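Structure assessment
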Amino acid sequence: MRDKTLERLHQLGWQLPTPPAPLGAYRAVVEAGSMLHISMQGPVSAGKPALTGLLGREVSIEAGREAARLSLLNTLAQAFRHLGSLDHIRQVVRLDAYVACEESFINHPQVIDSASELLVQVFAERAGHVRTVCGVRNLPGNLPVGLALVLKLQRQPA
Amino acid sequence: MRDKTLERLHQLGWQLPTPPAPLGAYRAVVEAGSMLHISMQGPVSAGKPALTGLLGREVSIEAGREAARLSLLNTLAQAFRHLGSLDHIRQVVRLDAYVACEESFINHPQVIDSASELLVQVFAERAGHVRTVCGVRNLPGNLPVGLALVLKLQRQPA
Amino acid sequence: MRDKTLERLHQLGWQLPTPPAPLGAYRAVVEAGSMLHISMQGPVSAGKPALTGLLGREVSIEAGREAARLSLLNTLAQAFRHLGSLDHIRQVVRLDAYVACEESFINHPQVIDSASELLVQVFAERAGHVRTVCGVRNLPGNLPVGLALVLKLQRQPA
């Protein structure tokens, strides 16, 4: 069966990475009712950080935007592995975003918007999500960005 | 039709501000099932920060409390614009609060409580909410406070 | 009636503490639909902080792990007081964790995993939860750890 959402992702030039393993005794995804919760994902590639450091110091805005995109792709990869098809996603509900940064850094929205923009490109009218963004002191493994997504599903819960 | 909740807000001496526009490719509110999620709101007034800086440095506790109240009023303004009436809110479920502060600042609850107290005054027995509060390094646009609310609705989802 | 989940907790050598009172005008728990939200809990014992300070400075990883366990036990104590039995918990859905730390500290998962591991020991196949973890500047009352849990319930909502 076709996965039109995944096709759109591919047409945009993106691929789903191998979803990173959890860093402890929790799960990558949990389905509860019609909602899919996904654990915080960072810019990890092939099991290793693709980028480390703080926005406003080692990490430029453009690098931070790439990190947010990779974090989102990891998130969608987790959802895909659980659901079997991104078409089962009815709506992106919520994005909680964490940016590790210097005290003087205040352009968090610009960094995280690369993820929100990709959601709009891939999910179109199903992309609408609320967002929280805060600048934290640091993140696990010195990652610069962490994203946690909540999705509403089309299908009935198991 | 009367909006008794909004009337109570007015009786308390408060007005709903013009709800701020999102800072990127996301939505101010998303309705999912019987829950309304609202994007993080800060002390923004007429499209501009009403206050910037860190608690424990430039921002006093009393100024932080005003900032939290304004953030809450912006949040309720977003809900009102979406729902058409605050009476459609059955219960305030969850308040996630972010306080940008100096390392030595530890009175976050006192700052955020101005928002919780206003919820109690306006929603009475419908105000009961759980709360998370943390002290972050900074917030978008150097805002001192950010609030994200989840509401349970009376009406059926669309 | 037996509470098999609580019995397992006791068999593991743990007791539920007296659940701490909220620090303001909010509630310890809110039930919405089939979900139970619990306010952020820290390592508080008998109304006082059991531990204060930052990971990477005053607080060692092992002390942080004890703080995370105590925070989780306080969380479960809140749930127990509301539900009357931990058996009513169908699944742990979500754990949002905040670690107050030095800028150079990056072992947050190791600290928070003591809570996730205890969830697995107590709830077994019902323990599966998604997790967010971030390193914040500080937490209310200078607590080193804060945990916020969302649970799915077996019983129908009131």
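This structure is a prediction, so every number in the text was calculated from the model and none was measured.

1. Observations regarding the interface of chain A and chain C
The partner chain C presents 26 residues to the 24 residues of chain A that form the contact. Of all the secondary structure elements, the ones that give two or more residues to the side of chain A that touches chain C are β1 (29-32), β2 (35-38), β5 (89-100) and β7 (145-153) of chain A. Of the residues forming the side of chain A that touches chain C, the biggest block, 3 residues, is contributed by β1 of chain A. Classifying every residue of the side of chain A that touches chain C gives 13 nonpolar, 8 polar and 3 charged.

2. Considering the interface of chain A and chain B
Of the residues lining the interface, 26 residues belong to chain A; the matching set on chain B comes to 24 residues. Listed by contribution, the elements that provide at least two residues to the side of chain A that touches chain B are β5, α3 (108-123) and β6 (130-136) of chain A. Here the side of chain A that touches chain B gets 7 residues from one element, more than from any other, and that element is β6 of chain A.

3. Here's the deal with the relation of the copies chain A and chain C
The transform that puts chain A on chain C rotates by 120 degrees and translates by 0.0 Å along the axis, for an RMSD of 0.0 Å. On the angle and the small slide along the axis, the relation comes out as a three-fold axis. Interface overlap between copies: only 8% of the residues of chain A at the interface are likewise at the interface in chain C, consistent with a contact formed by different surfaces.

4. Here's the deal with the nonpolar core
With 159 residues, the main nonpolar core has V99 and L147 of chain A, V99 and L147 of chain B together with V99 and L147 of chain C as its most contacted residues. L147 of chain C has contacts with M40, Q41, A68, S71, L72, T75, L95, A97 and A115 of chain C, leaving out every residue within four places of it along the chain.

5. Some thoughts on the sheet that holds β6 of chain A
All names here are of chain A. The strand order β1-β2-β7-β5-β6 describes an open sheet built from 5 strands, whose pairing is mixed. Two strands in the sheet have a free side with no partner beyond their single neighbour: β1 and β6. Each strand of the sheet is rotated relative to its neighbour by a mean of 15 degrees, with strand direction disregarded. Sheet contacts for helix α2 (residues 61-83): β1, β2, β5 and β7; angle to β7, the most-contacted strand, approximately 35 degrees.

6. Examining helix α3 (residues 108-123) of chain C
Residues and elements named next belong to chain C. Between its first and last C-alpha, α3 extends 23 Å over 16 residues, near the 22 Å set by a 1.5 Å rise per residue. By the largest-angle criterion, S114 marks the main kink of α3, which is about 35 degrees. Buried residues of α3: H108, V111, I112, D113, S114, A115, S116, L118, L119, V122 and F123, and no others. Buried positions along α3 lie against α1 (4-11), α2 (61-83), β5 (89-100), β6 (130-136) and β7 (145-153).

7. Comments concerning the sheet that holds strand β5 (residues 89-100) of chain B
Residues and elements named next belong to chain B. The strand order across the open sheet built from 5 strands is β1-β2-β7-β5-β6, with neighbouring strands paired in mixed fashion. Each edge of the open sheet carries a strand with a single partner, namely β1 (29-32) and β6 (130-136). Between one strand axis and the next, the sheet turns through 15 degrees on average, direction left out of account. Pairing analysis gives 3 bridges linking strand β2 (residues 35-38) to strand β7 (residues 145-153), with the strands arranged antiparallel. Along β7, the bridge assignment pairs L36 with L151. The sheet contacts of helix α2 (residues 61-83) involve β1, β2, β5 and β7, and relative to β7 the element is tilted by about 35 degrees. Helix α3 (residues 108-123) rests against β5, β6 and β7 of the sheet, and its axis sits at about 165 degrees to β5.

8. Section: the packing of α2 of chain A against α3 of chain A
All names here are of chain A. The geometry of α2 relative to α3 is characterised by a closest axis approach of 7 Å and an angle of 40 degrees between their N-to-C directions. Crossing angle aside, the handedness with which α2 passes α3 is right-handed. Residues I61, G64, R65, A68, R69, S71 and L72 of α2 form the contact with α3, whose own contacting residues are Q110, V111, I112, S114, A115 and L118.

9. Concerning the pairing of β7 of chain B
All names here are of chain B. Most of β7 sits inside the fold, with 7 of its 9 residues counted as buried. Note: β5 against β7, 9 bridges, orientation antiparallel. Opposite D96, over in β7, you have A148 as the bridge partner.

10. What to know about the environment of E66 of chain C
One can find E66 of chain C in helix α2. Judged by local crowding, E66 of chain C falls into the partly exposed class, with 19 C-beta atoms found within 10 Å.

11. Observations concerning the relation of the copies chain A and chain B
Note on the identical chains: chain A maps onto chain B by a rotation of 120 degrees and an axial translation of 0.0 Å, with an RMSD of 0.0 Å. An overlap of only 8% is found between the interface residues of chain A and their copies at the interface of chain B, pointing to separate contact surfaces.

12. Regarding the pairing of β2 of chain B
Residue and element names in this part refer to chain B. Of the two faces of β2, the one holding M35 and H37 and the one holding L36 and I38 are both buried throughout. For β1 and β2, the ladder comprises 4 bridges, and the chain directions are antiparallel. From the neighbouring strand, V30 faces β2, where its bridge partner is H37. Taking the residues between adjacent antiparallel strands as the criterion, β1 and β2 are bridged by 2 residues, where G33 takes a positive phi near 60 degrees.

13. Looking at unusual backbone geometry
Residue N142 of chain B is not a glycine yet carries a positive backbone phi of 65 degrees. By secondary structure assignment, the location of N142 of chain B is in the loop between β6 and β7. Phi is positive for A124 of chain C, close to 50 degrees, though the residue is something other than glycine. Note on placement: A124 of chain C falls in the loop between α3 and β6.

14. Description of the environment of G84 of chain C
Position of G84 of chain C among the secondary structure elements: in the loop between α2 and β5. Separated by 70 residues in the primary sequence, G84 of chain C and W14 of chain C have C-alpha atoms spaced 18 Å apart.

Here is what the cut-offs are and how they apply
Here the residue numbers are simple positions, counted from 1 along each chain's written sequence. Throughout, the order in which chains and ligands are written sets their labels, letters from A for the former and numbers from 1 for the latter. Whole-chain, interface and lining totals are the exception, using all residues; otherwise, since this is a predicted model, local features are given only for residues with pLDDT of at least 70 and side-chain atom pairs are given and counted only at 80 or more. Placing C-beta atoms from the backbone, we regard two residues as in contact once those atoms come within 7 Å. Numbering goes from the N terminus for both helices and strands, where a helix is a DSSP run of H or I of at least four residues and a strand is a run of E of at least two. Under the grouping applied here, Gly and all other residues not named as nonpolar or charged are polar, the nonpolar ones being Ala, Val, Leu, Ile, Met, Phe, Trp, Tyr, Cys and Pro and the charged ones Asp, Glu, Lys and Arg. Residues below a pLDDT of 70 in either copy are left out; the C-alpha atoms of the rest, at least 70 in both, set the least-squares superposition of the copies. Remark: nonpolar core denotes a set of buried Ala, Val, Leu, Ile, Met, Phe, Trp, Tyr and Cys residues whose joining runs through C-beta atoms within 7 Å. With C-beta atoms placed from the backbone, a residue is buried if 20 or more other C-beta atoms are within 10 Å of its own, exposed if 12 or fewer are, and partly exposed between those counts. Pairing between two strands requires that DSSP report at least two bridges joining them. To obtain each axis, a line is fitted to C-alpha atoms, and for helices this fit is confined to the stretch in contact; angles are then taken between N-to-C directions over 0 to 180 degrees. By this rule the span expected of a helix is its residue count minus one, scaled by 1.5 Å. Throughout, the bend at a residue refers to the angle made by two axes, fitted to the seven residues ending there and to the seven starting there. Each helix crossing is assigned a hand: it is left-handed if the near helix lies turned anticlockwise from the far helix by less than a right angle, otherwise right-handed if that turn is clockwise.

Spatial relationships are all this shows, so hold off on functional conclusions.
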